[in-house]
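Structural description and commentary
Listed here are the chains, written in short residue letters.
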Amino acid sequence: MSCRARADPPATYKWILDGSDVVVEASGHYSLVGGNLVIGNPLRDKHLGKYACVASNRLGAVISREASVQFGYLDFFSSEEREAVHVKEGQGAVLLCASPPHYPAELSFRWMLNEFPTFILPDTRRFVSQITGNLYISKVDRSDSGNYSCFVTSPSISKSVFSKFIPLVPLAERPIRKYPADIKVKFPDTTALLGHNITLECFALGNPIPEIRWKKVDGELPPSHEVSKAGANLCLFNVQYEDAGTYKCEAINSKGKDYHTAHLSVEAFPEWSERINSTERDISSDYTMSCVASGKPRPHVRWLKNGRPYHKKEMRFGSLTFDDSGMYQCIAENRHGALHANAELRVIECAPTFQHSPVQTVLGAKNGRVVMECRPKAAPKPSFSWSKGTELLSNSTRVFVWEDGSLEIRNVTRADEGNYTCFAENDQGKANSTGSLSVTDATRITLAPSNADVTAGDSVALQCAASHDPSLDITFVWSLDGRVIDVHRERQHYERAANGSSNGELLIKNAQLQHGGRYACVAQTPVDNVTAAALLVVRGPPGPPGGVRVANKTDKSVSLQWSRGADNHSPISKYTVQCRDSFSKDVWKDATTSPVEVEGNAETATAVDLFPWTEYEFRVIAGNTLGTGEPSAPSPKVQTEAAVPVVAPSDIGGGGGTSRELTITWKPVQPQYYYGSNFGYIIAFRQSDSLEWRKVIVGDPQAGRYVLKDASIPPSTEFQVKVKAFNSRGEGPYSLMAYIYSAQDAPSEAPNSLDGRAISATEAFVGWLSISQSNVEGYQVKYWRTPEDSEDGARRVAVSSRENQTKLEGLKPNSHYLVQVRAFNAAGYGPSSPVFPIFTKKSPPSRPPKITGKKLKGKKVTIAWEQVEPFANESSIDGYKVLYRPQGQSIGKLYFTNKRSIDVTMPTAGDYVVEVRAYGEGGDGAVARISLIGGGVMAAQPLSLLSLLLVALLRLDL
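Let me sum up the structure you'll find in this document.

1. Observations regarding the overall build of the chain
Each helix and strand in the chain was counted, giving 2 helices and 87 strands. For 958 residues, the compact-globule estimate of 2.2 N^0.38 gives 30 Å, and the C-alpha radius of gyration of the chain, at 51 Å, exceeds that figure by more than 25%. The principal-axis extent of the C-alpha atoms belonging to the chain is close to 155 × 90 × 80 Å. Taken over 958 residues, the chain has a buried fraction of 41%. Pairs at least 24 apart in sequence give 63% of the contacts found in the chain among residues at least 6 apart. Carbon together with sulfur atoms contributes 49% to the accessible area of the chain, which is approximately 51,100 Å² in total. The average position of the 105 basic charges and that of the 102 acidic charges among the side chains of the chain differ by 7 Å.

Now the structure itself:
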């Protein structure tokens, strides 16, 4: 631990642990290097605690702020097995982390699923609390099944541990039930530190997944807030005192609403408002040390002198002595921390001396006022007197000697020029110092600025000129309402002539409302200054109205009140009321009002044609002949009263489905048209030839589909359907009527006369007689190999109802297959046909023919090969196929032969390929190839030349 002090003579150091001196021994754990304390091989039971460093020399001592030594650790989780958690699908689940013992308190949490490093990514459905470490799942589905482990990391010691796995077992439930929002993660009453960041957590279980919304009950959310993408975290950055208050978390889904509130307090570390500084004071003088600190809670202040407690409530010294010299410390502390301020008080005694502060030469303006300072170093405080030349001065109406020794001369004239001497004397001795006074001409304003009146956006020039002593430089400084104008930094709006001339004109360009006010021109020289001022009025659009509030509300209107804002020197002619609702987010739009035109003298209006049961904010904008002003701050949020729905669902349709079902669909009503709580739908339907309507209620406002399962529903029957909305206030109008058909019945007949045969080792043909029912959409052929495969793993092929046969491909050679066929439609599958067996052929020959010769005979080439002998598990040979095709193409001329040779035409141009393969009932065998290079044959050449040519033209390519 480091410790270093500035001291003369150099300081010596010692350390204190929990109030006792640290003993530094050569063979122990402690050693001192300069002022630094080194602890070798620290032990938890011996070296834990709070340390402070004391630096001292013969003039005094100071003690440092405390440093805490702690030992970080993170134990392992318990080795006990975790019990499985069984949850119905649709219900919420909480998996407890139960973190092991640790220090410090700060941990980060993640959850593993099944194996490392598969970590769960939090979203709107899953949340990991960084306070408790627990995993929350708002609604469990089948995909959540698995083993979960809590993974805990201590950032301060860079160590991680993980818990035993917790099995989560979702229990199937059909249909899956829905549950209202239920907040399980609730942020407590919390204290945040000023300037720090804080995160509030809120998460709810429920089905559908609840939406999380954050509010500040007693105002707007701080501008520096951020809500996490999933909504469960509210982060407040750079917390300020005004951020304190009650925060509310709402969880909402279609089944219900839950909320939680807690209070946020803001406190602060101590911070100096006033602190002590090192000083020299005269002996026997009075002196007060002052330390003032702000913070929350209010800091307690205590004092030390030379490192030891100084038990004085007030640091007031009535008559300083040399014993009061020393090092003083004031310590301001609250529960969040401590501040130290150090200062040396040195009490001195000496004869007056002007060595470092002689009397200066002074310039004074004619008819003005001058002060000549006399500041010798002396202790105790000396008595003062002044002389001009040899004349001793005494106090008069124009000349006055101050208590601190300064000489003041008023209404200065040329006769006052000359040398002035200050005499200082105390009980230790006396001294004097001489300076001079020179008198210059006074500075006067010769052209003062005049009052002006402009419209925002215009420019105006303010005049200012002055006369002054020619031996002095003059400077013009402009201020607006007491604030000095920095012309360079604000050059976008201000411009003026260069300093040094007697003209200080200020040009104000593109004047804005904030540029109106009192402009003062100060003409100043090193000796004096003079001021002249004028008022500038800038007229512009009105300022924002204030205090927009809600006076009354109905289902479609809200009465508003506000207070007038600044008219900016031009009467307000009208107001515009704007609104935004919870569905349009940040989009403001003009509201319809009563009266339609809101006059400039009005402070009330009613917004009409609003949506019932909708949360609104309002703002008001004032306007005058010069334009439209800034909008007011938004009003508090207000929700209009509920009303009966007026919008009916649209796009009514449906039909189809499985047998004995009536499927009805519609486009759900948008949330802004719910108009009240407990929103849902009433579905009315009847057979087209019936007079009686049946009704059902659907309570989910987001639903767009209803399936009625009823064995009495006739198949393929026309129904009339209409849908309307309802809420807690009543029922809305029905939609337009739609005509739909109930589901048809699944086929009731099984295909018969099933037939089939193997085509090759891998293909088979299957046929059947179509059934007589007209509601067939197609047929499904199911086949599987026995005994290797079970029926559950069967392969399936679907064909159109217009067909009654199909080819099965990709079969295994020399295998026994079982085949079934059944009809189907949208309602489902009919009964299956009896099982029919098929035996595939043996595999075709796996060895290609071996080409033994090729001979050119005129324009023919004879190609010969050996007989292919199949293996025992291969099908017998019925003959050979020869394909004669151009190089690079797959189509050519195909020959069938039982011989072991064939004659093909020698190509005259281009390259050709001859492919030879055996075939049988199992299909085509492996292929052998040779290539023929075109170019023709010379008929007049001798045989030997022809033989050589054949060798050149034929290329064996097996």
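2. Points about the layout of surface pockets
The space that makes up the second largest pocket amounts to roughly 640 Å³. Surrounding the second largest pocket, 25 residues form its lining, Ala5, Arg6, Val62, Met327 and Asn342 being those nearest its centre. Broken down by secondary-structure element, the contributors of at least two residues to the lining of the second largest pocket are strand 5 (49-57), strand 6 (60-63), strand 32 (326-334) and strand 33 (337-348). Looking at the lining of the second largest pocket residue by residue, the class counts come to 12 nonpolar, 8 polar and 5 charged.

3. Overview of the pairing of strand 85 (residues 911-920)
Within strand 85, 7 of the 10 residues are buried, which leaves the element mostly enclosed by the surrounding structure. By the bridge criterion, 8 bridges tie strand 82 (residues 879-886) to strand 85 in an arrangement that is antiparallel. When the bridges of strand 85 are listed, Tyr884 appears paired with Val914. The antiparallel hairpin formed by strand 85 and strand 86 (residues 923-933) contains 2 residues in its connecting segment.

4. Thoughts on the sheet that holds strand 41 (residues 407-409)
Read across the sheet, 3 strands follow the order 36-41-40 without closing on themselves; strand pairing throughout is antiparallel. The outermost strands of the open sheet, each flanked by one partner alone, are strand 36 (370-372) and strand 40 (399-401). Strand after strand, the sheet turns through a mean of 15° between neighbouring axes, direction not considered.

5. Things to note about the environment of Asp427
Along the polypeptide, Asp427 turns up in the loop between strand 42 (418-426) and strand 43 (429-440). For the pair Asp427 and Glu349, spaced 78 residues apart in sequence, the C-alpha to C-alpha distance is 9.8 Å. Of note is the side chain of Asp427, whose polar atom sits 3.4 Å from the side chain of Gln428.

6. Re the state of the cysteines
A complete count under the given rule lists 6 disulfides for this structure. Two residues share a disulfide in this structure: Cys291 and Cys330, whose sulfurs sit 1.9 Å from each other. Judged by the sign of its S-S torsion, about -70°, the cystine formed by Cys291 and Cys330 is left-handed. Pair noted here: Cys291 is in the loop between strand 27 (287-288) and strand 28 (292-296) and Cys330 is in strand 32, with a separation of 39 residues, a long-range link. Residue Cys291 is classed as buried on the basis of its relative accessible area of 12%. Judged by relative accessible area, which is 0%, Cys330 ranks as buried.

7. Comments concerning the pattern of salt bridges
For the coordinates displayed, the defined rule picks out 44 salt bridges. For Glu344, the salt bridge is made with Arg346, and the minimal N-O distance between the two is 3.0 Å.

8. Observations concerning the packing of aromatic side chains
Applying the stated rule across the entire model yields 22 aromatic pairs. Ring geometry for Phe611 and Tyr673: centres 5.3 Å apart, planes at 85°, overall edge-to-face. Taken together, the residues Phe611 in the loop between strand 60 (604-608) and strand 61 (615-624) and Tyr673 in the loop between strand 65 (661-667) and strand 66 (680-687) connect sequence positions 62 residues apart. Its relative accessible area of 25% is what places Tyr673 among the partly exposed residues. Aromatic rings pair up to connect Phe116, Phe119, Phe151 and Phe162 into one cluster. In this structure, Lys159 packs its charged tip against the face of Phe76, placed 4.8 Å from the ring centre. Over the aromatic face of Trp693 sits the side chain of Lys722, whose NZ or CZ is 4.3 Å from the ring centroid.

9. Some remarks on the sheet that holds strand 84 (residues 901-905)
A sheet is described by the order of its strands in space; here 3 strands give the open sequence 80-81-84, paired in antiparallel fashion. Lying at the two open borders of the sheet, with one neighbouring strand each, are strand 80 (851-857) and strand 84. On average, adjacent strands in this sheet sit at an angle of 20° to one another, irrespective of strand direction. As defined by bridge partners, strand 80 adjoins strand 81 (residues 860-865) across 6 bridges and the pair is classed as antiparallel. By the bridge assignment for strand 81, Ile851 is matched with Trp865.

The rules behind the values
- Residues numbered from 1 in each chain as written.
- Predicted model: local features only at pLDDT ≥ 70, side-chain atom pairs only at ≥ 80, totals over all residues.
- Heavy atoms only, no water.
- Helix = DSSP H or I, 4+ residues; strand = E, 2+ residues; numbered from the N terminus.
- Rg over C-alpha atoms; globule rule 2.2 N^0.38 Å.
- Buried < 20%, exposed > 50% of the residue type's maximum accessible area, 1.4 Å probe, protein only.
- Contact = heavy atoms within 4.5 Å.
- Areas by Shrake-Rupley, 256 points an atom, 1.4 Å probe, with all protein chains shown as cover.
- Lys, Arg positive; Asp, Glu negative; His and termini not counted.
- Charge placed at Lys NZ, Arg CZ, Asp CG, Glu CD.
- 1 Å grid on protein atoms, 1.4 Å probe; cavity = no way out; pocket = protein on both sides within 12 Å on 5 of 7 lines; lining within 4 Å.
- Points joined across faces, edges and corners; volume = space filled by probe spheres on them.
- Nonpolar A, V, L, I, M, F, W, Y, C, P; charged D, E, K, R; others polar.
- Pairing = 2+ DSSP bridges.
- Axes fitted to C-alpha atoms, helices over the stretch in contact; angles between N-to-C directions.
- Polar contact = N/O pair within 3.5 Å; in protein donor to acceptor, adjacent residues only side chain to side chain.
- Disulfide = S-S within 2.5 Å.
- Salt bridge = Lys/Arg side-chain N within 4 Å of Asp/Glu carboxyl O.
- Phe/Tyr/Trp six-rings, centres within 6.5 Å; stacked < 30°, edge-to-face > 60°.
- Lys NZ or Arg CZ within 6 Å of the ring centre and 35° of its normal.

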